[in-house]
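Architecture and fold: a report
Chain by chain, the residues run as shown.
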Number of protein chains: 6
Amino acid sequence: MEISARNSLKATVKKVVAGSVNSEVTLELAPGIEVVAIITKSSADKLGLAEGKQAYAVIKASDVLIAVD
Amino acid sequence: MEISARNSLKATVKKVVAGSVNSEVTLELAPGIEVVAIITKSSADKLGLAEGKQAYAVIKASDVLIAVD
Amino acid sequence: MEISARNSLKATVKKVVAGSVNSEVTLELAPGIEVVAIITKSSADKLGLAEGKQAYAVIKASDVLIAVD
Amino acid sequence: MEISARNSLKATVKKVVAGSVNSEVTLELAPGIEVVAIITKSSADKLGLAEGKQAYAVIKASDVLIAVD
Amino acid sequence: MEISARNSLKATVKKVVAGSVNSEVTLELAPGIEVVAIITKSSADKLGLAEGKQAYAVIKASDVLIAVD
Amino acid sequence: MEISARNSLKATVKKVVAGSVNSEVTLELAPGIEVVAIITKSSADKLGLAEGKQAYAVIKASDVLIAVD
C-alpha cells in the first residue's frame, strides 16, 4: 500500500506506552532523533508495534509547522 | 516561546519552493532524513526561511500516523 | 504497508482536478457516497490516480467531526 | 448551520463507546461502510448520540489521505 | 445543525481573499482579536462569506496548541 | 521562538483539567471569549499551565472551519 502523505520516515519503535484508549509510541529515526506518535491502542495492537520493530512515521506535509529561534 | 507540541525536531532548511499562497519547505533533520512542510508563503517570509537556516519541525503527536510493511 | 489510521475505506477514483500545487480527488465509496480529498499534485501523480482506479480513503478517527440536524 | 468542510456524509450512529474523556463513535454511511470518529465525551453527550440516531460525518478534504495497493 | 467541535466562536467576516483553489478568510471575534481561516474557495462561495457577514470559527480542541513566552 | 502558524492569540489560562494522558485547558482570549485546547498532560506540565498564566492559543489557518447559521 502506498499513501499520499509526503513524509514517510523509516524508523524503529523505541517505546510503546499503552493507555486505556490511546498508545504513545516513540519512534527513532536515527540515533538521537525521535518522533512521538499518539495512535489508538487498537491500531498499535493491530500493527503489532513493540520495541525494536521497523515502522514508518507517516506525516502530512500540511501538519508540519516550522519554528525558528 | 515554548509550545505544547510533543515533537520539535532541530533541522536545517534545505529548500524553499514558493507557490502563490503556500510554500513547500524541505527540512533536513540529519543527512538523508528530510521532512517536507507546507506552510503559507506569508509565514515562510515572516520567518525568513532560506536554504541553510536553522529551524525546527514542530509536529503534534496526534498528527503522526504509523505504518508497517 | 498497513497504517494506524482507523478508517481505510475502499473507493473508486471518480474525478481528479489538478491545481498548481494541490489536486482535488473525488472518491466514490458506493453509488452516491463520495469523499473529496485534497492532496499534493505530486502525490496524486506518484500514486497514478485517475478516473476508475481503485484506492482507499484513509482518515484518522480524530479528524472526523459529527454533526446532527 | 452550514459548514465549510467539503465532506458532510449522512450516516446512522451504530455504536458509541464512552471513555473517560473521549468517546468512540461508529457511523454507518451505508450497509458495510463505516466511519469511526473519536470526539470528546462531552460533545457526544451534548449531541445526544446513541445507536440509531441520524448524524453526519464531517471531514475536511485536506484531512483525507489516499492510498493505493 | 450542531457539531462536535468544542470551539464554535461567534465572529464577523472582516476580509475574504480568494485564491485559485483556496480562500483566506479573516474573522473578527472581538475588536482586535482575529482568526484567519483557509478554506476552499468553493466552500467560501457556498457559504456566501463576505465582509460584515456573521459566521462562526469552528475549531477542534485537539487542533489548538498552547505556547508560553 | 517564532512559529509558522497563522493564528497566535494572546490569552489567559482559565482552567486546567488533567486527565490520565491529556489535559483540557480553557483559555480566555477576552471576557466571554474562550477557546478549549486538549494537549498532552506532559506538555501542560512542562509549560507550567495553571489558572491565571499568560499563554497563546496557536492554531493553523487550515484547521479553522467556518460555519454560518
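In case you missed it, the structure is sitting above this.
This text gives an overview of the structure that appears in the document. Just so you know, these numbers come straight off a predicted model, no measurement behind them.

About the cut-offs
- Residues numbered from 1 in each chain as written.
- Chains lettered and ligands numbered in written order.
- Predicted model: local features only at pLDDT ≥ 70, side-chain atom pairs only at ≥ 80, totals over all residues.
- Heavy atoms only, no water.
- Least-squares fit on C-alpha atoms with pLDDT ≥ 70 in both.
- Contact = heavy atoms within 4.5 Å.
- Helix = DSSP H or I, 4+ residues; strand = E, 2+ residues; numbered from the N terminus.
- Buried < 20%, exposed > 50% of the residue type's maximum accessible area, 1.4 Å probe, protein only.
- Polar contact = N/O pair within 3.5 Å; in protein donor to acceptor, adjacent residues only side chain to side chain.
- Pairing = 2+ DSSP bridges.
- Salt bridge = Lys/Arg side-chain N within 4 Å of Asp/Glu carboxyl O.

Let's talk about the relation of the copies chain A and chain B
Each copy of the chain is related to the other by a rotation around an axis and a translation along that axis. Between chain A and chain B, the superposition needs a rotation of 180 degrees and an axial shift of 0.0 Å, giving an RMSD of 0.0 Å. On this basis, the relationship between the two copies can be described by a two-fold rotation axis. Considering only C-alpha atoms, the part of chain A nearest the rotation axis is A:Asp63, at 3.3 Å. Of the interface residues in chain A, 100% have counterparts in chain B that sit at the interface too, so the contact is made through matching surfaces.

Re the side chain of D:Thr40
All names here are of chain D. Turning to its location among the elements, Thr40 is positioned in strand β4 (residues 33-40). The exposure class of Thr40 is buried, given its relative accessible area of 10%. There is a polar contact of 2.9 Å between the side chain of Thr40 and the side chain of Ser43.

Quick notes on the pairing of strand β2 (residues 7-18) of chain D
All names here are of chain D. With 6 bridges joining them, β2 and strand β5 (residues 54-59) adopt antiparallel strand pairing. Within β5, the position partnered with Asn7 by the bridge is Ile59. By the bridge criterion, 6 bridges tie β2 to strand β3 (residues 22-30) in an arrangement that is antiparallel. Looking across to β3, one finds that Val17 is bridged to Glu24. Where β2 folds back onto β3 in an antiparallel hairpin, the turn is made up of 3 residues.

A look at the sheet that holds strand β5 (residues 54-59) of chain F
Read across the open sheet, the 6 strands follow the order β1(B)-β6(E)-β5(F)-β2(F)-β3(F)-β4(F); overall the sheet is antiparallel. Unpaired on one side and paired on the other, β1 (2-3) of chain B together with β4 (33-40) of chain F mark the two borders of the sheet. Summarising the sheet, β1(B) and strand β6 (residues 65-68) of chain E pair through 2 bridges and their orientation is antiparallel. Its bridge partner lying in β6(E), B:Ile3 is registered against E:Ala67.

Things to note about the pattern of salt bridges
One pass over the structure, following the stated rule, counts 20 salt bridges over all chains. The salt bridge partner of C:Glu28 is C:Lys14, with a shortest N-O separation of 4.0 Å. A residue pair is termed long-range when its members are at least 10 positions apart, and C:Glu28 in strand β3 (residues 22-30) and C:Lys14 in strand β2 (residues 7-18) qualify at 14 residues. Of the residues examined, C:Glu28 reaches a relative accessible area of 25% and is grouped as partly exposed. Where D:Lys41 meets D:Asp45, a salt bridge forms, and the shortest distance between an N and an O atom there is 3.4 Å. Here the residue D:Lys41 and the residue D:Asp45 both occupy positions in helix α1 (residues 41-46), the gap between them amounting to 4 residues, near one helical turn. A relative accessible area of 28% means that D:Lys41 is categorised as partly exposed. A single network of salt bridges, built from pairs that share partners, joins C:Lys14, C:Glu28 and C:Glu34.

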